[in-house]
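Listed below, chain by chain, are the residues.
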Amino acid sequence: MLNRIIIMGRLTRDPELRRTQNGTAVTSFSLAVDRDFKNKETGETGVDFIDCVAWRSTAEFVNNYFTKGRMAVVEGKLQIRPWKDRDGNNRRSAEVIVDNIYFGDSKRDGASQGANYGAPSYGAGSYGAAAGGNAGGYGTPSSAAPSEFAEIDDVDGELPF
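The structure presented is a predicted model; accordingly, all values stated were derived computationally and were not measured.

Chemist: Help me out: how do you make sense of the pairing of strand S1 (residues 5–11) in this one?
Modeler: Within a regular beta strand, the side chains point alternately toward one face of the sheet and then the other, so they alternate between its two faces. Across six bridges, the pairing between S1 and strand S5 (residues 71–84) is antiparallel. Looking at S5, one finds that arginine 10 is bridged to methionine 71. With two bridges connecting them, S1 and strand S3 (residues 25–38) associate as antiparallel partners. Residue pairing in the sheet places arginine 10 in a bridge with alanine 32 of S3.

What follows is the structure in structure tokens.
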């Protein structure tokens, strides 16, 4: 089965970092995602407010670097979670369990000069700055070195095929 979702939107509020009883970090936030079409009657585009939950180091990354109004690209899984309201009625909530999160804007408003906000990402299996790789890597492992490539000396102008 396939359960994959990618959304891009602005944070509607600052992320909330909490810890479980055993100390695992969890962050909740919500993204305002514009719809691609306009309402025929009003001419306005609609907005969907999508709840997201990040765990462990991804949760700490979101809490440290994302704030209300910041554009984010979230990659993860859609989860439907059942719960009971105060009256004992069964309810369901849809939320995205974040695997990776990326900065969706080029730089933060009022950020210091030289700060790189466009390149890094964080999550399971990513190589961005926050995951210990190089800041401008765009998914390039930090272990890749130019010495791994051999220079071509034979430049006689003929194609090898």
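Having seen the model, we can carry on.
Chemist: Where do I start with the pairing of strand S6 (residues 90–103) in this structure?
Modeler: Where strand S4 (residues 45–55) lies against S6, two bridges are found, and the strand directions are parallel. Residue pairing across strands places valine 53 opposite isoleucine 97, the latter belonging to S6. With 13 bridges connecting them, S5 and S6 associate as antiparallel partners. Across the sheet, valine 73 pairs through a bridge with tyrosine 102, a residue of S6. Between S5 and S6, which pair antiparallel one after the other, the connecting turn spans five residues, and glycine 88 there sits at a positive phi close to 85°.

Rules used in this analysis
- Residues numbered from 1 in each chain as written.
- Predicted model: local features only at pLDDT ≥ 70, side-chain atom pairs only at ≥ 80, totals over all residues.
- Heavy atoms only, no water.
- Pairing = 2+ DSSP bridges.
- Helix = DSSP H or I, 4+ residues; strand = E, 2+ residues; numbered from the N terminus.

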